[in-house]
Amino acid sequence: MKKFALRIAVAAMAVLMLFSAVGCAVTDSAQSDLVRHDVEGGISISLPPDFEEADPEGFHYVIANEDVKVMFVRDPYENFFNMGLENLVDADLGLYAEIFGLYYEFSTVFAPDENGNYVATHRATEDGEMHFYYATLRKGSDSFWAIYFNCKDSDADKYIDRFPVWNNTITVE
C-alpha cells in the first residue's frame, strides 16, 4: 500500500512538473510573438498581436489593445529652431529630458534605465479614473520622441514588467 501511494505521489509530481514546464514555454512564446509596428516619422515598436492603430486623440500616433495605449509624441527639430534652441538638436537625451519636463510641465524626472533609455513613471487622473503611465524618450534624425505606455492604475501590476520589455523594442531612424 505504501509503494502504491509513493507511485501516485511521484506520478502527481511528474504531471505538475510537466504542466509547469509547459506554462513557462507558453509565457516565453507570448513574449516572442511580438508584432512590429512602424510609425510615420521613423520610429517603430514591437507589441503583442492584439495591438492595433487607434484614434490619435491629439498624439502623433496611438497603438492600443483593450487595456493599454501606447501614445507617440513627436517634437520635430524645427520646433526648437523656432524657439531659439538650435543647440538642442546636437544635445543628448538628458538635456531634452530636462527641457521636456519644463516645457510640458511634466513633474516626474526622467532618468536612464539599465539600457540607457530615459524613462519616468507617474500616475494621473483621466476621465475620473486613475491611470499609470510609463514614459520614455528617444532621439531621431529629425525629431525627439516621447512615448507613453498607459493603463488603468488597477492594471499597473499586470503591465509594469511588460512596459520596459516593449520599451526596449523601440527603434528610431
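Scroll up to find the structure.
Draft legend 1. Representation of the sheet that holds strand E6 (residues 111–112) in the model. In spatial order, the strands read E3-E4-E5-E9-E8-E7-E6; together these seven strands make up an open sheet with antiparallel pairing. In this open sheet, the two strands that pair with only one neighbour each are strand E3 (52–54) and E6. Note: strand E8 (residues 129–139) against strand E9 (residues 143–152), nine bridges, orientation antiparallel. Bridge assignment links Phe 132 to a residue of E9, and that residue is Cys 151. Against the sheet, helix H3 (residues 93–103) contacts strand E5 (68–76), strand E7 (118–126), E8 and E9, and its axis sits at roughly 140 degrees relative to E8.

Draft legend 2. Fine view of the sheet that holds strand E2 (residues 43–47). Pairing is antiparallel across the open sheet formed by three strands, whose spatial order is E1-E2-E10. One side of each edge strand has no neighbouring strand; the edge strands of this open sheet are strand E1 (35–39) and strand E10 (171–172). Pairing of E1 with E2, which is carried by five bridges, proceeds in the antiparallel orientation. In the strand pairing of E2, Arg 36 is matched with Ser 46.

Draft legend 3. Geometry of the packing of aromatic side chains. Under the defined criterion, the tally for this structure stands at 15 aromatic pairs. Both rings, one in Tyr 96 and one in Phe 144, keep their centres 4.0 Å apart while their planes meet at 5 degrees; by these two values the pair is stacked. Of the two residues, Tyr 96 sits in helix H3 while Phe 144 sits in strand E9, which places them 48 residues apart along the sequence. In terms of burial, Tyr 96 and Phe 144 fall into one category: buried. Seen from their ring centres, Tyr 134 and Phe 149 are 5.7 Å apart, and the 70 degrees between their planes marks the pair as edge-to-face. Highlighted residues: Tyr 134 in strand E8 and Phe 149 in strand E9, separated in sequence by 15 residues. When sorted by exposure, Tyr 134 lands in the same class as Phe 149, which is buried. Put simply, the rings of Phe 51, Phe 132, Tyr 134, Phe 149, Tyr 159, Phe 163 and Trp 166 touch in pairs and so form one group of aromatic residues.

Draft legend 4. Region of the structure containing the pairing of E7. Both E6 and E7 contribute to a ladder of two bridges, which runs antiparallel. When the sheet's bridge partners are listed, Pro 112 is paired in E7 with Tyr 118. Between E6 and E7, which pair antiparallel in sequence order, lie five residues; one of them, Gly 116, sits at a positive phi of approximately 85 degrees. Sheet analysis places E7 next to E8, joined by nine bridges and oriented antiparallel. Considered in E8, the bridge of Arg 123 is made with Phe 132. Once E7 ends, the chain turns through two residues before running back antiparallel as E8, passing Asp 127 with a positive phi of about 55 degrees.

Conventions we followed
- Residues numbered from 1 in each chain as written.
- Predicted model: local features only at pLDDT ≥ 70, side-chain atom pairs only at ≥ 80, totals over all residues.
- Heavy atoms only, no water.
- Pairing = 2+ DSSP bridges.
- Helix = DSSP H or I, 4+ residues; strand = E, 2+ residues; numbered from the N terminus.
- Contact = heavy atoms within 4.5 Å.
- Axes fitted to C-alpha atoms, helices over the stretch in contact; angles between N-to-C directions.
- Phe/Tyr/Trp six-rings, centres within 6.5 Å; stacked < 30°, edge-to-face > 60°.
- Buried < 20%, exposed > 50% of the residue type's maximum accessible area, 1.4 Å probe, protein only.

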